[in-house]
Amino acid sequence: MSSPVWHPFTQHGLGEPIPLIAGAEGAMLHGADGRSWIDAISSWWVTTHGHCHPKIMAAIAEQAQRLDQLIFAGWTHQPAEDLAAELVRIMPENLTRVFFSDSGSTSVEVALKMALGYWAHRGEARHKIVVMEHSYHGDTIGAMSVGQRGVFNAPYAPLLFDVVPVPFPAPGREQATYDALHTACRTGAAAFIVEPLVLGAGGMLVYSPSVLKQMREICAAHGVLFIADEVMTAWGRTGTLLACEQAGVSPDILCLSKGLTGGAIPLAVTMASEPVYAAHLSHDRAKMFFHSSSYTANPLACAAANANLAIWREEPVPARIAMLAQRQKARLNALKNIDNPRTCGTIAACDLPGGEGYLASIAPRLMAHAREAGVLLRPLGNTVYVMPPYCIDDEALDRVYAVIASI
Ligand SMILES: *Cc1c(COP(=O)(O)O)cnc(C)c1O
């Protein structure tokens, strides 16, 4: 009898082997059978400083002695208070409110509900959401609705709500994006949601900070809420704490998850500006923000996030990230027979000749080849990318690129 586990984004009908991992440390995953793998994609973009970082593990263990879980509606605890205060301190100045949830998708759902609540409570009928082509914001119904339509969500298409897409600002074609955004904003959109600088699941598509800045200004000119989904791009991935920083952009609403706990344990926040919060503030109970998950602001997760923030304060994380960015770029540029090499901070990506689209046959072949060679890679169609934990050493990084070169 095979395992009863039903894995995400896995076609069990193909019979791919599923390695059993017993432990991890730094950039390495250790199999139960004694083999090991270099985690070249940070266990799906979450692990920032490395697996089992001692400070994060210790913070979880220590918190586990005190308080495991608490209803967060009308009650609070110190790890959440400390985390919220620190996030307000280090994130863009206008983001003064912190709403907790437990995954990137949920942080997006919360952002969309905040935006719609903002307009509803102000008495203006705005509910259109503007989105960028090729975006990914998660797999719940609302998050899928604002993401790129395709093979991933075709069976659910009848349930997805209508959105207004603007084209991806490919180099030289930015004006089309601005024009479409202008038109959408002029006709009463509620919000624009975007992944700043890098569209992750859409194929590691990068665009420049000046485009991000321009899009933010168009939204601001029309009072359209600007939602930055930094679930993947935050916590140093793009070379700065937030990708928005590089454009001097302050969003109205910000989604954070993945690296918020250093990637150790699920947690998310949606940060909001004072006007978004104030629109829900009233003596009228009908205007409260009607959203919660059971594990909202789980104390163990908040303790892990506080440890992550301490690492950012105490260790030379920006220098480490800058070094990794250079090391990635040098290795990517040395690859031959690839198309569209691109980097953004610690992220490096390129396209392999041989087919387009997420289901490109090269993806499972490359994944299997890498797995055999001791490297965890997971191409997006014919796009292969390297997004390792910041602690990866030169030898391991060389091995990752050797595997890509040997396809
Ligand atoms: C991964 C991701 C999400 C979804 O996060 P989950 O924790 O997997 O629900 C949302 N937005 C972006 C940009 C992501 O990369």
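Residues numbered from 1 in each chain as written. Predicted model: local features only at pLDDT ≥ 70, side-chain atom pairs only at ≥ 80, totals over all residues. Heavy atoms only, no water.

## Some details on the sheet that holds strand S3 (residues 36–39)
Across a sheet, strands are paired by hydrogen bonds formed along the backbone, either parallel or antiparallel in direction. Put simply, the rule reads: Pairing between strands is defined by DSSP: at least two bridges between the two strands are required. Secondary structure elements follow DSSP: runs of H or I of four or more residues count as helices, runs of E of two or more count as strands, with numbering from the N terminus.
Strand order across the open sheet formed by 4 strands is S1-S2-S3-S15, with mixed pairing between neighbours. Because the sheet does not close on itself, it has two edges, and the strands there are strand S1 (21–25) and strand S15 (375–376). Here S3 runs beside S15; their pairing, made up of 2 bridges, is parallel. By the bridge assignment for S15, isoleucine 38 is matched with valine 375.

## Thoughts on the environment of proline 251
Quick note on the threshold: Only protein chains enter the accessibility calculation, which uses a 1.4 Å probe. A residue is then buried if its area is under 20% of the maximum for its type, exposed if over 50%, and partly exposed in between. In what follows, a contact means two residues having at least one pair of non-hydrogen atoms within 4.5 Å.
Within the fold, proline 251 resides in the loop between strand S10 (225–229) and strand S11 (253–256). Residue classification places proline 251 among the buried positions, given a relative accessible area of 0%. Taking the C-alpha atoms as reference points, proline 251 and methionine 271, 20 residues apart in sequence, are found 9.3 Å from one another. Excluding anything up to four places from it in sequence, proline 251 contacts Pro92, Asn94, Leu95, Arg216, Phe226, Ala228 and Cys244.

## Topic: the site of the ligand
In plain terms, the rule: Being near a molecule or strand, for a residue, comes down to having at least one heavy atom within 4 Å of it. Polar contact is the term for a pair of N or O atoms within 3.5 Å; when the atoms are in protein, one must be able to donate a hydrogen and the other to accept it, and sequence-neighboring residues count only if both atoms are side-chain atoms. In this description, accessible areas are obtained by the Shrake-Rupley approach with a 1.4 Å probe, and a residue is regarded as covered only by the protein chains that are shown.
Within the structure, the ligand sits among Trp45, Ser103, Gly104, Ser105, Tyr136, His137, Gly138, Glu195, Asp229, Val231, Met232 and Lys258. The separation between a nitrogen atom of the ligand and a polar side-chain atom of aspartate 229 is 2.7 Å. A distance of 2.7 Å separates an oxygen atom of the ligand from a polar atom in the side chain of lysine 258. Compared with its free state, where it exposes 390 Å², the ligand has 83% of that area covered by protein.

## Considerations on the sheet that holds strand S6 (residues 164–166)
Selection criterion: Convention adopted: a line fitted to C-alpha atoms gives each axis, helices being fitted over their contacting stretch, and angles between N-to-C directions are expressed from 0 to 180 degrees.
Here 7 strands make up an open sheet; going across it, the order is S4-S12-S11-S10-S7-S5-S6 and the pairing mixed. Looking at strand neighbours, the two that pair on one side only are strand S4 (95–101) and S6, the edges of this open sheet. On average, each strand axis in the sheet is inclined to that of its neighbour by 20 degrees, with strand direction left out of account. Judged from the 4 bridges that link them, S11 and strand S12 (residues 268–273) form a sheet pairing that is antiparallel. Note on S12: the bridge partner recorded for isoleucine 253 is alanine 272. Along the sheet, helix H3 (residues 78–90) makes contact with S4, S11 and S12, crossing S4 at roughly 140 degrees.

## Section: the packing of helix H10 (residues 317–334) against helix H12 (residues 394–405)
For clarity, the threshold we go by: When the near helix sits turned anticlockwise from the far one by under a right angle, the crossing is termed left-handed; a clockwise turn instead gives a right-handed crossing. By the convention adopted, Pro, Cys, Tyr, Trp, Phe, Met, Ile, Leu, Val and Ala count as nonpolar, Lys, Arg, Asp and Glu as charged, and the other residues, Gly among them, as polar.
Taken N-terminus to C-terminus, the directions of H10 and H12 make an angle of 35 degrees; their axes are 11 Å apart at the nearest point. Relative to H12, H10 is oriented so that their crossing is right-handed. Mapping the contact onto sequence places Leu324, Arg327, Gln328, Arg331 and Leu332 in H10 and Asp394, Leu397, Asp398 and Tyr401 in H12. Residues belonging to the contact of H10 with H12 are distributed by class as follows: 4 nonpolar, 1 polar and 4 charged.

## Things to note about unusual backbone geometry
Although it is not a glycine, tryptophan 45 sits at a positive phi angle of roughly 80 degrees. Within the fold, tryptophan 45 resides in helix H1 (residues 42–45). Given a relative accessible area of 6%, tryptophan 45 falls into the buried group. For leucine 197, which is not a glycine, the phi torsion comes out positive at approximately 70 degrees. Mapped onto the secondary structure, leucine 197 falls in the loop between strand S7 (189–194) and strand S8 (198–199).

## A word on the packing of H3 against helix H9 (residues 299–314)
The angle between the axes and the distance between the axes are what describe a pair of packed helices. For clarity, the cut-off: Just so you know how the angles are binned, under 35 degrees is roughly parallel, over 145 roughly antiparallel, 65 to 115 roughly perpendicular, and the rest oblique.
Following both chains from N to C, one finds H3 and H9 inclined at 40 degrees, their axes separated by 9 Å at the closest point. Regarding the angle of H3 to H9, the classification is oblique. Considering only the axes of H3 and H9, their crossing is left-handed. Only Pro299, Cys302, Ala303, Ala305, Asn306, Leu309 and Arg313 of H9 make contact with H3, whose side of the interface consists of Pro79, Ala80, Asp82, Leu83, Glu86, Leu87, Arg89 and Ile90. When its residues are assigned to classes, the contact of H3 with H9 shows 10 nonpolar, 1 polar and 4 charged.

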